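Each chain, written out:
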Amino acid sequence: MSATDPDPVENVVATISRSATEIRQGLVGRRGKADEENPSGETQAEADVWADQLLADRLSSIDGVGQYASEERSEIIDGGDEKVYVAVDPLDGSSNLKSNNTMGTVFGIYEEPLPAPGSALVASGWILYGPITTMACARDGTVTKYELTGGERTVVERDVTLPDDPLVYGFGGRVPHWHDEFREYVREIESNPEHKLRYGGAMIGDVNQVLTYGGIFAYPALEDSPRGKLRLQFEGNPIAHLIEAAGGRSSDGIQSILEVEPEDLHDRVPVHVGNVDLIERLENALE
Ligand code: P6P
């Protein structure tokens, strides 16, 4: 699959979108557990390992890609000349394979070597394997939605923004492990009859609903996991970058996720993304 555009960012996005149909088809027969764990200590699905290798081979060979890093591998692959640095969660929500629920591929294209802060992102996005395959991509401060089929992508919406009136909410982690302040905030959100619970266990499926309907998705800091579950480089930064480009906000509980300085490639970060007023109220609740 040759990448022909002289712009490495466009080539990375095009290569990922062209790979989506193949990844979707390749999930069949790869729903079992691999014998390995990822660097975060989570058991990998066969599909995790396979999709990661497919994307590593294709993306690291693109001119201008200096690094390929993945949630599924501890080491960074060094590419050629250094213009952009690509971080991927090849199959976000692969635990949903067993029950055939939504999953996604998440990507962040940074202009600094990894690990890098989200402020260094020049493009971000996700592929959503739902009833159909779609992509949302943020670049140059705007979000575009596509439908993908047969390796082709069709623009379905430009300048995507979160609706003003939030509708959906979804919060990860076991409720007994939530901090009291977060639990109180959830009670406030739940008590609004205008809001609906939407939590599917795959971040991309849940965040795409926030992008579409307005609302909030969070995987917060937990009493037994102070930095939550989601990874900064591969999950938190890309969705924060896209949601903020769509007029929403992100927070690690204190500040925009994009301002969080990474220490390690596989750092975790508490993730809260959604409508501005909901995130502002969250930060006040956690103060
Ligand atoms: P839980 C999937 O494993 C994932 O990394 C995210 O996609 C998702 O938001 C979260 O974990 C789900 O975690 O604890 O609800 O199973």
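You'll find the structure just up there.
Residues numbered from 1 in each chain as written. Predicted model: local features only at pLDDT ≥ 70, side-chain atom pairs only at ≥ 80, totals over all residues. Heavy atoms only, no water.

### Regarding the packing of aromatic side chains
Note the following rule: Under the pairing criterion, centres of Phe, Tyr and Trp rings, with the six-membered ring standing for Trp, must be within 6.5 Å; the plane angle then separates stacked pairs below 30 degrees from edge-to-face pairs above 60, leaving the rest tilted. Helix and strand assignments follow DSSP, with helices taken as H or I runs no shorter than four residues and strands as E runs no shorter than two, numbered in order from the N terminus. Relative accessible area decides the class of each residue, using a 1.4 Å probe on protein chains only: under 20% of the type maximum gives buried, over 50% gives exposed, and in between gives partly exposed.
Counted under the stated rule, the structure contains 7 aromatic pairs. Both rings, one in F182 and one in Y185, keep their centres 6.4 Å apart while their planes meet at 35°; by these two values the pair is tilted. One end of the pair is F182 and the other is Y185, both in helix α3 (residues 180-190) and 3 residues apart, which spans about a single turn. The pair F182 / Y185 is uniform in exposure class, with both members buried. Both rings, one in Y199 and one in F217, keep their centres 6.5 Å apart while their planes meet at 5°; by these two values the pair is stacked. Of this pair, Y199 sits in the loop between β12 (196-197) and α4 (203-213) while F217 sits in strand β13 (residues 215-219), placing them 18 residues apart in sequence. Taking relative accessible area as the criterion, Y199 reaches 38% and is therefore assigned partly exposed.

### Some thoughts on the pairing of strand β8 (residues 133-139)
Moving residue by residue along a regular strand, the side chains alternate between the two faces of the sheet. The line we're drawing: Should DSSP find at least two bridges between two strands, the strands are regarded as paired.
Among the 7 residues that make up β8, 6 are buried, leaving the element largely enclosed by the rest of the structure. Sheet topology note: the strand β7 (residues 121-129)/β8 ladder contains 7 bridges and is antiparallel. Note that in β8 the partner of S124 across the bridge is A138. In terms of strand pairing, β8 meets strand β9 (residues 142-149) through 7 bridges, oriented antiparallel. Counterpart to T134 in the pairing with β9 is E147. Counted between consecutive antiparallel strands, the loop separating β8 from β9 contains 2 residues, among which D140 sits at a positive phi close to 55°.

Read these as layout, nothing more, since geometry by itself doesn't imply function.
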